[in-house]
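Structural features, examined
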Amino acid sequence: AALAPENHENFLKCLSLQSDTISKVIYTQNNSSYSSVLKSSIQNLVFSAPTNQKPLFIITPFHVSEIQAAIKCSKKSGLQIRVRSGGHDLEGLSSISDVPFIIVDLINFSEISVDAEAKTAWVQSGATVGQLNYRIAEKSQNLLAFPVGTCPGVGVGGHFSGGGYGALLRKYGVAADHIVDAHMIDAKGRFLNRESMGEDLFWAIRGGGGPSFGIIISWKIELVDVPSTVTVFAIPRTLEQNATKLLHKWQYIADRVHEDLFISPFLYRANSTMVCLFTSLFLGGVDRLLPLMQESFPELGLTQEDCREMSFIESVVYINGFEIRESVNANILIDDRFIKRFFKGKADYVIEPIPKEAFEGLYDLFYEEDPRTYGLLVFFPYGGKMSEISESEIPFPHRAGNRYTLLYYAEWQDATNEASQRHKNMLNKLFNYMNPYVTKNPRTAYINYRDLDIGTNNKLGDTSVQEASVWGKKYFKNNFYRLVHVKTMVDPENFFRNEQSIPPFNLLK
Ligand code: FDA
């Protein structure tokens, strides 16, 4: 998507009039660093391909005034803004667009200040959840934490604004449940805090997806307690070791056991069998865990030897598959050395246990695949705190009644169309097969596992509320309509938009 040369010049002129410092943080397509800045945080290699539309400019601001300038001048030049924090959007919406656009990349807004005594922190959107985990542990002698996702490279900006959860969800709910203030810039370029944005907008940015409402710069969060010792285990079971029976039983206990216990199975094919890997975090020592498991899930046969005790921050490192050495180097969480891949994900929610025979039918789909096709299902238990919070407390609506969520995930390293198509076909087959066993009317989904297959806005930007409700009700249930109301109040011209942004109410449609 090109821009007439005079508009190109006008945009740059407008920026320099608005901000003295911005010229140092603009990357035009002619800049030698443009390509590396563009690709730096695109996590999914699908969206680094040369065939994708590229932004006309990338801005990596250090100051609020530079963000305000970017908004005002983009509006004037008819450019769209894609905001990027950690670049983990599953559909790449922070880095690509079909219409002329710029990226505002918050990589330089990554400060974290922890007040361990008050049990609060301010964290800027460009920080990663790994950096946040690390700083909280460091400042609190491992006694405080925050309920974020497990992958350390995920950015705070996208993660918090879509909900955000990890192994602490049964005990504490989602990240967005613990946000008590925020700083953002709206479509008019105004700097707002909780008081000045008002409770409706503050409600919307905690789970309703950030990019519909403005650019969120930083978040004030309330930290949660973790014990000095936690216990982890990861037990693989093949079909010959009763994986199906165990997975079936897991469905009956996973959302009901003590909220300190989180057991999350991963199901995948290994040669001629299926493996169910039962991974777990327990907020306490092994002496408390063993009787709890004996009472609720004796079939797994957990023994003391299967368990490892460690600090919470060590468990974050462990869950990510890094080896725990004698002195755990949690620095690993602030390093940027995660391998980028091609991937696609989809999500479902499950209310009633899935019958054993249905799992067996699912395995057949894995066996039918070309063995080079790699996919897995991650089962994520709900219950506990999640069942105590009402569906409308924040826009993230998936609460009581959900036993677990399912993440369908495929990844590949080969850049060919064939590999991409093969993996996407596999996910679609699994997803279609599961239709009878998951939520219906709507078949609910999680915005942070963004999936454009469930519906999109039209490219003209005049999508009606009814059209958008096709995908919107899957992510937000009835909260979708309150999000439309907030959008209509704060951005009636629909400046901040993308393929799945909340549309304002339009009387003509
Ligand atoms: P990115 O920068 O791509 O932003 C995502 C979306 O939010 C984009 O639409 C973007 O424009 C918008 N946005 C970003 N910053 C914004 C800001 N400051 N203001 C307004 N809008 C903004 N989720 C989960 O809940 N638990 C988990 O364990 C994981 N694990 C996980 C692992 C991996 C490898 C991936 C790729 C993804 C996850 N996720 C996840 C999903 C993750 O929470 C989701 O993709 C987040 O939106 C990523 O946030 P980023 O800031 O990294 O993405």
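For the structure itself, look to the data block above.
All values reported here derive from a predicted model rather than from experimental measurement. In this convention, every chain numbers its residues from 1, walking through the sequence in written order. Under the rules for a predicted model, residues below a pLDDT of 70 receive no local features and side-chain atom pairs below 80 are neither given nor counted, while totals for whole chains, interfaces and linings still include all residues. With hydrogens and water excluded, all non-hydrogen atoms of the structure serve as input to the side-chain values.

1. What to know about the sheet that holds strand β6 (residues 120-124)
Quick reminder of the rule: Two strands pair if DSSP finds at least two bridges between them. Comment: elements are numbered from the N terminus, with helices defined as DSSP H or I runs of at least four residues and strands as E runs of at least two. In this analysis, two residues are considered to be in contact whenever any of their non-hydrogen atoms come within 4.5 Å of each other. Lines fitted to the C-alpha atoms define the axes, with helices restricted to the stretch that makes contact. Angles between their N-to-C directions range from 0 to 180 degrees.
Strands sit in the order β5-β6-β10-β8-β9 across an open sheet of 5 strands; the sheet is antiparallel. The strands lining the two open edges of the sheet, one partner per strand, are β5 (112-115) and β9 (191-192). Both β5 and β6 contribute to a ladder of 4 bridges, which runs antiparallel. Pairing of Ile112 across the sheet is with Val123, part of β6. Helix α7 (residues 194-204) rests against β8 (179-185) and β9 of the sheet, and its axis sits at about 110 degrees to β8.

2. A closer look at the state of the cysteines
Stated precisely, the cut-off is as follows: For this text, the term disulfide refers to a pair of cysteine sulfurs within 2.5 Å.
According to the stated counting rule, one finds 1 disulfide in the structure shown. At a sulfur-sulfur separation of 2.1 Å, the disulfide partner of Cys14 is Cys73. One disulfide, between Cys14 and Cys73, carries an S-S torsion of -80 degrees and so falls in the left-handed class. Placement of the pair is Cys14 in helix α1 (residues 5-18) and Cys73 in helix α3 (residues 64-77), with a sequence separation of 59 residues.

3. So, the packing of aromatic side chains
We count it as follows: Each aromatic pair joins two rings of Phe, Tyr and Trp (for Trp, the six-membered one) with centres within 6.5 Å, and gets the label stacked for planes under 30 degrees apart, edge-to-face for over 60, and tilted for any other angle. We call a residue buried when its accessible area falls under 20% of the maximum for its residue type, exposed when it is over 50%, and partly exposed in between, using a 1.4 Å probe and counting protein chains only. Geometrically, a charge over a ring is one whose NZ (Lys) or CZ (Arg) sits within 6 Å of the ring centre while staying within 35 degrees of the ring normal.
As enumerated under the stated definition, the model contains 25 aromatic pairs in all. Pairing Tyr165 with Phe380 gives two aromatic rings, centres 5.1 Å apart and planes at 55 degrees, and the pair type is tilted. Of the two residues, Tyr165 sits in the loop between α5 (156-162) and α6 (169-172) while Phe380 sits in strand β17 (residues 375-381), which places them 215 residues apart along the sequence. Summarising the aromatic geometry, the rings of Tyr475 and Phe476 are spaced 5.9 Å apart at their centres and angled 65 degrees between planes, so their arrangement reads as edge-to-face. Residue Phe476 is classed as buried on the basis of its relative accessible area, which comes to 1%. Here a set of aromatic residues connected by ring pairs shows up, and it is made of Tyr165, Phe262, Tyr349, Phe380, Tyr382, Phe396, Tyr446 and Tyr449. Directly above the aromatic system of Phe431 lies the positively charged group of Lys346, at a separation of 4.7 Å from the ring centroid. Directly above the ring of Tyr252 sits Arg403, whose terminal nitrogen or CZ lies 5.7 Å from the centroid.

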